[in-house]
Amino acid sequence: MAIDRRWRVLHLTWPAFFFSFVAWFSLVPFASSIGKSLSLSAEQVQTLLICNVALTIPARIAVGMLVDRYGPRRVYSALLLAVAAPCLMCALASSYWQLVIARLLVSCVGAGFVVGIRLVGEWFDAREIGWAEGVYGGLGNFGMVGATFGLPLLALLFSPANGWRWAIGISGALCAMYGLIFYFKVSDAPEGKEFRKPKRRGALEVCSRGDLLALIFMQAPMVLCMGILAWKLAAMKLFSQAVAYAIYAGLAALLVYQIVKIVRVNLSAWRNERVVPDERYSFSQVAILCLSYVVTFGGALAVESMLPAYFEAMFGVSVAAAGAMGAGFALASLIARPLGGLLGDKYGRKPIIIISLIGATAGLAAIGLINERWPLWGAMAVVVVAGFFLMAGNGANFCIAPLIRKPLTGQIAGLIGAYGSVGSVLFLFILSLAGPGAFFVSLVLLSASACGACFFLREPGRSVIKVARPSRVDVIDQSVPAPAL
């Protein structure tokens, strides 16, 4: 497996994430402009921001299963091609309900991140997986800059009234074009290496009764977030209360159905049957990474979503300037996410995650203290520093995820990624309900809680990474999992 081939695949993969991020967050820098153009209330605009992340939750779970079954090349290409239509719908929208439907559909492209995690994990071994995943996530996340800073500049080429429409439509077209490039240029795994698939389909496999109960419990917050969205849309009079109750009933049925599938796939775990050592892993690792990702990605996403409009109102700057200020998190990710992965590979993922969350807690508290008396450079500096720690935590987070259980990487990354979206919906809901003060307080409290939980994290296969011979890539890939917590 030639080194240049691995890096060629990596540098074909991160642009897919980049363009998906541009389309996903194409609404954010134009939130106030769209509100004025279509005469939307502030609450309607905030609801649109929630819609922009809501379906990412089930989409990441579904895409995680699809990528483990069909492979990254086909799934990522299909996702990029599919997002062009709702982007066009958003660009042509003339009413609030059209925007809601379009942004719900566009939010599914956020699941593309999961595909790249599995693909990069196939091409890089455990000794450098953090660095590779960090490069993928950091450069891909830079798509936030393309959305919050680049798209407003692109809109300036068109009329002030329709610039946002052209920019959003073009973001979808770029995704579609790159989807075709990705399909013909990337392969699922290196030549001669098997792309391993799960033995059972339909739900994540776990190894013990306790793990099974934990997995079942973790389904509820994801469904609850979908219920929050339905409640918000009903409050906006987008549909009747009767329709809202029907949606709640459907979500309850979905939860029951998902639990039944989980139990069916994991009957052996319920019976505490013996698990083959090579297939055993601790689900508590996944749960802790989910909590960490609620803050390091979900919190970052929520702050990135609200900052442009927040700073525009606070400092009275232009949309482009506010977008540039709000892009501080994405700017930080360009360095911090690869650095977090690199340091995790070298010094251990657990200490890097803990240090990152300590810094993130302090940084989020500082952002909450920003007011109109601050100099613009000071506000921007605080945003960049907070974003640096959050994104470093992201990088360390996904040093671990691909090592837990290789054939399940898509589903594990999908669950962790879904909880990132759970965090963003939760925090944006708090913002719409109680305002910026409660929003930042909740972020700080949950960040501190995630930091405490990470002290109980155990890294899978770290001893194997230290002793593995460079020539035996397969041995490193199949490292012995950590014992259950």
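Remember, it's a predicted structure, so these values are computed and weren't measured experimentally.

Participant: Before we go on, may I ask you to explain the overall build of the chain in this structure?
Facilitator: In terms of regular secondary structure, the chain is built from 24 helices and 0 strands. For the chain, the C-alpha radius of gyration of 21 Å lies close to 23 Å, the compact-globule estimate for 485 residues. Along the three orthogonal principal directions, the C-alpha set of the chain runs to about 60 × 50 × 45 Å. Taken across its 485 residues, the chain has 60% of its residues classed as buried. In the chain, the share of contacts with a sequence separation of at least 24, taken over all contacts with a separation of at least 6, comes to 86%. Accessible area for the chain stands at about 18,400 Å²; split by element, carbon and sulfur atoms hold 68% of it.

Participant: Explain the environment of Asn394 to me, please; I cannot follow it from the model alone.
Facilitator: Locating Asn394 in the fold gives a position in helix α20 (residues 376-404). You can call Asn394 buried: its relative accessible area is 0%. For the pair formed by Asn394 and Glu312, sequence separation is 82 residues and the distance between their alpha carbons is 28 Å. Discounting residues that sit within four places of it in the chain, Asn394 has contacts with Tyr293, Thr296, Phe297 and Arg337.

Participant: How should helix α12 (residues 209-217) be read in this particular structure?
Facilitator: Residue pairs three or four apart in sequence face the same way in an α-helix, which turns once every 3.6 residues. Listed in full, the buried residues belonging to α12 are Asp211, Leu212 and Leu215. Along the axis of α12, the buried positions cluster into a sector of 100°, meaning they face one direction only. Structurally, α12 contributes buried residues whose contacts are with α13 (219-235), α14 (241-265), α15 (267-270), α16 (283-315) and α21 (409-434).

Participant: Got a minute to help me understand unusual backbone geometry in this structure?
Facilitator: Phi is mostly negative for residues that are not glycine, and the peptide bonds are mostly trans. Although it is not a glycine, Ser39 sits at a positive phi angle of roughly 55°. When you line up the elements, Ser39 lands in the loop between α2 (31-37) and α3 (42-54). The exposed category is assigned to Ser39, whose relative accessible area is 64%.

Participant: Sorry, what's going on with the packing of helix α5 (residues 72-82) against helix α11 (residues 163-185) here?
Facilitator: The relative placement of two packed helices comes down to the angle between their axes together with the axis-to-axis distance. Where α5 meets α11, the closest approach of the two axes is 7 Å, and the angle between their N-to-C directions is 165°. Considering the angle they form, α5 stands roughly antiparallel to α11. Remark: the crossing between α5 and α11 carries left-handed chirality. Of the residues in α11, those in contact with Pro72, Arg73, Arg74, Tyr76, Ser77, Leu80 and Leu81 of α5 are Cys175, Ala176, Tyr178, Gly179, Leu180, Phe182 and Tyr183. A breakdown of the residues in the contact of α5 with α11 according to their chemical character gives 10 nonpolar, 2 polar and 2 charged.

Participant: Looking at this model, I keep getting lost on the packing of helix α4 (residues 56-70) against α5. Mind explaining?
Facilitator: It is the contact of α4 with α5, at a shortest axis distance of 7 Å, that shows an interaxial angle of 135°. Judged by the inter-axis angle, α4 sits oblique to α5. Facing Val63, Leu66, Val67 and Tyr70 of α4, the residues of α5 in contact are Pro72, Arg74 and Val75. Residues that form the contact of α4 with α5 fall into these classes: 6 nonpolar, no polar and 1 charged.

Participant: When you look at the packing of aromatic side chains in this model, what are you seeing that I'm missing?
Facilitator: Given two aromatic rings, their pairing is described by the distance between the two centres and the angle made by the two planes. Going through the model one piece at a time under the given rule, you end up with 24 aromatic pairs. Relative to Tyr136, the ring of Phe113 has its centre 5.9 Å away and its plane inclined at 10°; by these criteria the two rings are stacked. With Phe113 in helix α8 (residues 112-123) and Tyr136 in helix α9 (residues 129-141), the pair connects residues that are 23 residues apart, well separated along the chain. Of the two residues, Phe113 and Tyr136, neither departs from the other in class, the shared state being buried. By the ring-pair criterion, three or more aromatic residues cluster together here, those being Phe17, Phe21, Trp24, Phe25, Phe113, Tyr136, Tyr293 and Phe297. Lying across the ring of Tyr183, Arg73 places its NZ or CZ 4.2 Å from the centre.

Scoring rules and cut-offs
Residues numbered from 1 in each chain as written. Predicted model: local features only at pLDDT ≥ 70, side-chain atom pairs only at ≥ 80, totals over all residues. Heavy atoms only, no water. Helix = DSSP H or I, 4+ residues; strand = E, 2+ residues; numbered from the N terminus. Rg over C-alpha atoms; globule rule 2.2 N^0.38 Å. Buried < 20%, exposed > 50% of the residue type's maximum accessible area, 1.4 Å probe, protein only. Contact = heavy atoms within 4.5 Å. Areas by Shrake-Rupley, 256 points an atom, 1.4 Å probe, with all protein chains shown as cover. Arc of directions from axis to C-beta. Axes fitted to C-alpha atoms, helices over the stretch in contact; angles between N-to-C directions. Parallel < 35°, antiparallel > 145°, perpendicular 65-115°, else oblique. Left-handed = near helix turned anticlockwise from the far one by under 90°. Nonpolar A, V, L, I, M, F, W, Y, C, P; charged D, E, K, R; others polar. Phe/Tyr/Trp six-rings, centres within 6.5 Å; stacked < 30°, edge-to-face > 60°. Lys NZ or Arg CZ within 6 Å of the ring centre and 35° of its normal.

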